[in-house]
Structures are given as C-alpha cells and as structure tokens.
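Observations on the three-dimensional arrangement
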Amino acid sequence: MTGVGGNARPRVAVVGGGLAGLTAALVAADAGADVVLLETRPRLGGATASFDRKGLWVDTGQHVFMRCCTAYRGFLRRLGVEHQTTLQPRLDVEVLLGDRPGQRARLRRTKTRLPAPLHLAPALLGYKALPVGQRAAAALAAFQLGRLDQRSPKVDGASFGDWLARHHQGAVATEALWELLTIATLNAPAAEASLGLAAKVVRTGLLERADAADIGWADVPLQQLHGEAAAKALADLGADVRTSVKVREITRTDAGYELAITSGGTGRGASAVVTVDAVVLAVPPPAAAALLPAGAHPDPASLEGLGASPIVNVHMIFDRRVMDQPFLAATSSPVQWIFDRTVASGLAGAGVAPPGSQYLALSQSAAAPWVDRPAGELGAEFVAEVRRILPAARAAELVEVFVTRERTATFRQAPGSLALRAAAKTGLPGFALAGAWTDTGWPATMEGAVRSGLAAARETLASVGVHVGEPQPAPDDVTWPRPAIAPAGTGAVAGGLSAPAQGRPADSGKASGVPAASLGAPAQPAVPAAPPAARAEPAAETVPAASPISPNTTGSSPA
Ligand SMILES: Cc1cc2nc3c(=O)[nH]c(=O)nc-3n(C[C@H](O)[C@H](O)[C@H](O)COP(=O)(O)OP(=O)(O)OC[C@H]3O[C@@H](n4cnc5c(N)ncnc54)[C@H](O)[C@@H]3O)c2cc1C
C-alpha cells in the first residue's frame, strides 16, 4: 500500500475530533495509515466536553452508557481508560415519585437469572411508579415494540407516542416508564420521537440480553476520559493531530483529496492545504452539508433536515450530601435525571465549597421548554423542585447553582429521520461519512458515534488497500476491530480485544477493565488526580446571587 506522493503509507484525513472522528482516526492509525486529524476546537472529544470552572471540572452534559454499548466500551478499552468508568453490576434505577414526594420506585434487574426477555417481567411487575393494573400491559407493549422493524419506513415514520396510545399505554405509563427510558436516549418526548428508534432502544437496551440495560458512567471528567486519552493514543501511533484548525473546503483531485484549512479554528487564521488519499468526514450535519465534495451525496442540503434538539444541565452544589445514589430518576416532575458529580468533578479539591459538600447535575433532555430561559429562572425552578422531591435537600444550604446548555446536542430523532441519515459509504471512493447522526441504526449516542467511526474507517481504508477486520467480541461482548492485514513495517498496533478481554468478569460492579499497561497505555487513577490539561471553550452561566432561589444561594458574576 502506498500513499500520496509515493509515501509508504496511505494518508487519511479525519475531519472532526468527536467520538466518531477519534474512533476512525484510531482504527486507521492502528491499521498503519498515516493519519491527520483536523478539529476546529482547541481540544478533542466533540460533544463530550469538560471545562474548568474555578477548579471544578464540569462536563457540559452528563453522559451515561449501557452495557449493550459494546463498541463504545471497546473504544474505552482501546484507550485504556475503562477503569475510569463504573458499570452497574445489575440495572438499578431509583425513581423519585413527584406525585408522592419522599417516596421512591425502583426499576431493577432481579438477582434471579432469567433469560431475556423474561428477565424484564419481575422488573416491570415490581415497578411501583406504575399502577399495578398497568404493569403487565407495559410488559406486553415492550415485547410488541421489540418485534417492530425499525428500518421499515412506516415504522420509522410513525410517532412513538401515537403507537403507545394505540397500545393502551396511557399518560401515566408514558411518563413514568416509557419516557423515563426514551427521553434520555432519543432526546425527544414520545410524541415527537421516531417509533423505529424507540423500538431499537427497547429491543437492544431491554429485550435482547438480560444485562443490556446496566448503566455506566465516567468517574472522571469526559475530557480526560475521551479527548485526552485519545490524543495520547494517537500521538503514540504517530498520528498528526491538529486542533484549532477549521476545514473550509474539500476537493477531489486525480490522486485523492485536498483539504483547505485555516488555523485558529475560526476560519480567519493562516491558510494551508492538506493532501491525502482518503477522508473521513466526522462533523455534524450542517458542517457536513457544507463540506461534502461534488458527487459524495445526492442532496447535501437534505442533511440539514435532521435539525437539532437541545439538552440543558442545571448544576447545583449543596453544603452536605443530599443523595446517596450515584444517580436518581424522577417522574411527575420536570426533573428527569439527577447525577452525583462530586467525585468526577474533583469538588473536594476545588476549594469552591465546604468539606462534605455535594455537587449534583440535573440532566434535562428534550430541553426545548428550558433552553431559552434565563439561568436565574431555571436555577430557581429546579432547586425548588429538587427540594420538593428530594426531602434531604430541604435542610441543605445551596452553595452554588449554574446552567449549561447544548443547543445542538443531537439531531432531532423524529419520525422520518431515518431517510435523512446518510450511510458511511458515499458516492466517492475513499470518502466516508461518520457521526452519531449517520445511519448506524442507533440513536444519537456515544455508541452510535463510535459505530459510525468504525464503519467509516473500514470504508475509507478498504479504498486504499487496508482491510479492517470485523469487530472482535471479547467474552464480555466488548468489541473492537483487529486489522485483518497487519501492515508490514508500519509499527501499527493490532486493535483486537483478545488480550483485554481477560481482564474483567462480565458482572463485576466496577468497570475496572484490564490493567492499562496491557494495552500499552499508562495506568491512570480512577478519580481525577490531575485535571485535564486542556481548558475547553464552553462556559457555565452562574445564577446571580439576587435570583430568587433560596436565602442560601451564593453566586458570582456570570462566567
Ligand atoms: C449535553 C449532552 C448530553 C449527552 N448525553 C449522552 C448520554 O448520556 N449518552 C450518550 O450515549 N450520548 C449522549 N450525548 C450524545 C453524544 O455526546 C453524541 O452523540 C456524540 O458524542 C457525538 O459524537 P460525534 O463525533 O458524532 O459528533 P461531535 O461530538 O459533534 O463531533 C464533531 C466534531 O467536528 C468538529 N467540526 C465541526 N466542523 C468542523 C470543521 N469544519 N473542521 C474541523 N472540525 C470540525 C466539531 O468541533 C466537533 O468536535 C449527549 C450529548 C450532549 C451534547
């Protein structure tokens, strides 16, 4: 295999340093390609970002994954950071009942080992948020959902909410069960969500395997878990990683592709041209539409039709512990999910709150009702609501509250969106698309992003003579590809997961994974001993001291 200008290795450009681009870049570099990664922002990680707020590490949005996210878990394992996450040994979600403040329901996988999908029955039959008479009907609806063909245009074109109504799932079941599962995964209320994608969530997340829905989360800032670990892995492979570089135009040439770039990330810095054999374009739909060279996609403007849906996080620090669980869900309340961020943010060492304080982040998906409201109003409303549904918070003093908003968190996973999601393969050889919005079959998630990066890498690399093997499942189902042809003399690392697979029994509580050293990566602590090096650009909006939250509120001038 030879690359542009007679180089020994094919040169591959990856545009976009989110999870999709990072995956494609890693796989390509592992397979021996000469990779150049171009990212507009000053740091890698894309939508999974963190920033330093007076010593506190804040994720712009709480992220969780499930055990069924086998490719994302493969990405973590490849980076040697799996031990910086926690994966529940068994699905266990405590749900605050907003209509019965102080009371909770529990959605959990029982210890009794039942084969899927029978494992679901005890979990649903014991779920107190649903009236007893509705629990069996909900279980039946889940099985019916799981049988739908998500790729049928009729199924994808239908509204999940309409389907629920037709299957005797009333307002209570919709809110207390179905939207608990799907608002966070589809970033849309049931009425506005694609039935096809909802069916995918229920089938893969609940029905196919008993352990599929076990929930996982990062114990360190996302920036450290993804962006910094990937930067190191790519540097170790000799990849050319360029941040604060905007790709302005991509042109097909006789030999491959030319990318017009400007430094500074804004498009106004110094200009240059990067010449490559193949390209993975891993940017959000509007940027992809603008950059697609002629012949790559029949109708680039149609990608804009995917639209965007926001997520808002309301962050609050209390002067004492007010919840003992790593996270809680809520029903009959505007609050959706509450996460304990105390350890991951490094609160204890940040010096912004008294010892023993607790940092909670409320993750509000399908956030159209909140995204344009002032931070002070959101803070007041959500602090009052947390105190209403979580009695332990009533006596606690609020140290600080602030808000982060991601207006284009995901594409709108609406009925009919399937037809707009592009395949990895385009009309041009050596030019592939990636991104959680592409046609992965998955919702817009970290898993979808990683899968899209794998598909795009496979596509572009095949065009330059490098064949990436199919993902290799480890015994605990985590997958990552091993290059089918180990490129000679490239120093490439085989990306297969056979060695790591021995590291962790499928059901251990802590996702300790394999000792990082076995992957050639340095072992890292489970808590953020050293915060991420790069300071990212997002900022939080502090709720001013004068806002009517509580007499205990403190604030600083807006960040
Ligand atoms: C607040 C929030 C909460 C979320 N919660 C979850 C969750 O709990 N679980 C889950 O699985 N998923 C969650 N998601 C979704 C998940 O983060 C995304 O689906 C995934 O990270 C998208 O990755 P990506 O690589 O496809 O795109 P992105 O992360 O958007 O990456 C695209 C990159 O391309 C860069 N770029 C754009 N234009 C150019 C250009 N011209 N030149 C160079 N670079 C360019 C961008 O700067 C960006 O870094 C959440 C998202 C948000 C925002």
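A quick note: this is a predicted structure, and the numbers were derived from the prediction, not measured.

1. Remarks on the overall build of the protein
Within the protein one finds 13 helices and 24 strands. In the protein, buried positions account for 58% of the 559 residues. For the protein, long-range pairs separated by at least 24 residues make up 70% of all intrachain contacts whose partners lie at least 6 apart in sequence.

2. Topic: the site of the ligand
Near the ligand there are 36 residues, and of these Gly16, Gly18, Gly46, Gly61 and Thr445 occur at the shortest range. When the residues that make up the shell around the ligand are grouped by side-chain class, the tally is 18 nonpolar, 13 polar and 5 charged.

3. Observations concerning the sheet that holds strand E11 (residues 245–252)
The 3 strands lie next to each other as E11-E12-E13, forming an open sheet whose pairing is antiparallel. Whereas interior strands pair on both sides, the edge strands pair on one side only; in this sheet they are E11 and strand E13 (271–276). Adjacent strand axes in the sheet meet at a mean angle of 25°, parallel and antiparallel pairs treated alike.

4. A look at the environment of Asp240
Along the chain, the position of Asp240 falls in strand E10 (residues 240–242). Assessed through the 16 C-beta atoms surrounding it within 10 Å, Asp240 is described here as partly exposed. In this structure the C-alpha to C-alpha distance between Asp240 and Leu38, which are 202 residues apart in sequence, comes to 8.6 Å. The contacts of Asp240, once residues within four sequence positions are left out, are Val35 and Val36.

5. Focus: the confidence of the model for the protein
When pLDDT is averaged along the protein, the result is 86, and 85% of the positions lie at 70 or above. Segment residues 484–537: pLDDT under 50, and 127 contacts once partners within four positions in sequence are set aside and those in other chains are kept.

6. Observations concerning the packing of helix H4 (residues 132–146) against helix H8 (residues 195–207)
Their axes nearest at 8 Å, the elements H4 and H8 cross at an angle of 110°. It follows from the interaxial angle that H4 and H8 lie roughly perpendicular. Of the residues in H8, those in contact with Ala142, Leu145 and Gly146 of H4 are Ala198, Ala199, Val202, Arg203, Leu206 and Leu207. Residue composition of the contact of H4 with H8, grouped by class: 7 nonpolar, 1 polar and 1 charged.

7. Some details on unusual backbone geometry
One non-glycine residue, Ser244, adopts positive backbone phi at about 55°. Within the element layout of this structure, Ser244 appears in the loop between E10 and E11. On the neighbour-count criterion, Ser244 (16 C-beta atoms within 10 Å) is partly exposed. The backbone of Asp477 shows a phi angle near 75°, a positive value even though the residue is not glycine. Within the secondary structure, Asp477 is located in the loop between strand E21 (468–473) and strand E22 (479–483). Of the residues examined, Asp477 has 16 C-beta atoms within 10 Å and is grouped as partly exposed.

8. Considerations on the environment of Arg108
One can find Arg108 in strand E8 (residues 104–108). Put simply, Arg108 and Leu124 are 16 residues apart on the chain and 8.4 Å apart in space, counted from C-alpha to C-alpha. Setting aside residues no more than four positions away along its own chain, Arg108 makes contact with Arg90, Leu91, Asp92, Val93 and Ala123.

9. Side note on helix H2 (residues 70–79)
For H2, the buried fraction is high: 10 of the 10 residues fall into the buried class. Of the positions making up H2, those classed as buried are Thr70, Ala71, Tyr72, Arg73, Gly74, Phe75, Leu76, Arg77, Arg78 and Leu79. Phi turns positive one or two residues past the end of H2, at Gly80, with a value near 75°.

10. With respect to the pairing of strand E3 (residues 50–53)
Two strands pair when backbone bridges link them, and E3 and strand E4 (residues 56–59) are joined in this way by 4 bridges, in the antiparallel orientation. Within E4, the position partnered with Arg53 by the bridge is Leu56. Here E3 folds back onto E4, and the loop between the two strands holds 2 residues, one of which, Lys54, carries a positive phi near 55°.

11. Details of the packing of helix H1 (residues 19–30) against helix H13 (residues 446–463)
With their axes 7 Å apart at the nearest point, H1 and H13 run at an angle of 40° to one another. Accordingly, the angle class assigned to the pair H1 and H13 is oblique. Regarding H1 and H13, the two cross each other, and that crossing is right-handed. On H13, the residues that touch Leu19, Ala20, Gly21, Leu22, Thr23, Ala24, Val27 and Ala28 of H1 are Met446, Ala449, Val450, Ser452, Gly453, Leu454, Ala456, Ala457 and Leu461.

12. Points about the sheet that holds strand E20 (residues 431–433)
Across the sheet, 5 strands lie side by side as E10-E2-E1-E14-E20; this open sheet has parallel pairing. Of all the strands in the sheet, the pair left with one neighbour each is E10 and E20. Direction aside, the axes of adjacent strands within the sheet are offset by 15° on average.

What counts, and where the lines are drawn
Residues numbered from 1 in each chain as written. Predicted model: local features only at pLDDT ≥ 70, side-chain atom pairs only at ≥ 80, totals over all residues. Helix = DSSP H or I, 4+ residues; strand = E, 2+ residues; numbered from the N terminus. Buried ≥ 20, exposed ≤ 12 C-beta atoms within 10 Å, placed from the backbone. Contact = placed C-beta atoms within 7 Å. Near = placed C-beta within 6 Å. Nonpolar A, V, L, I, M, F, W, Y, C, P; charged D, E, K, R; others polar. Pairing = 2+ DSSP bridges. Axes fitted to C-alpha atoms, helices over the stretch in contact; angles between N-to-C directions. pLDDT = per-residue confidence, 0-100. Parallel < 35°, antiparallel > 145°, perpendicular 65-115°, else oblique. Left-handed = near helix turned anticlockwise from the far one by under 90°.

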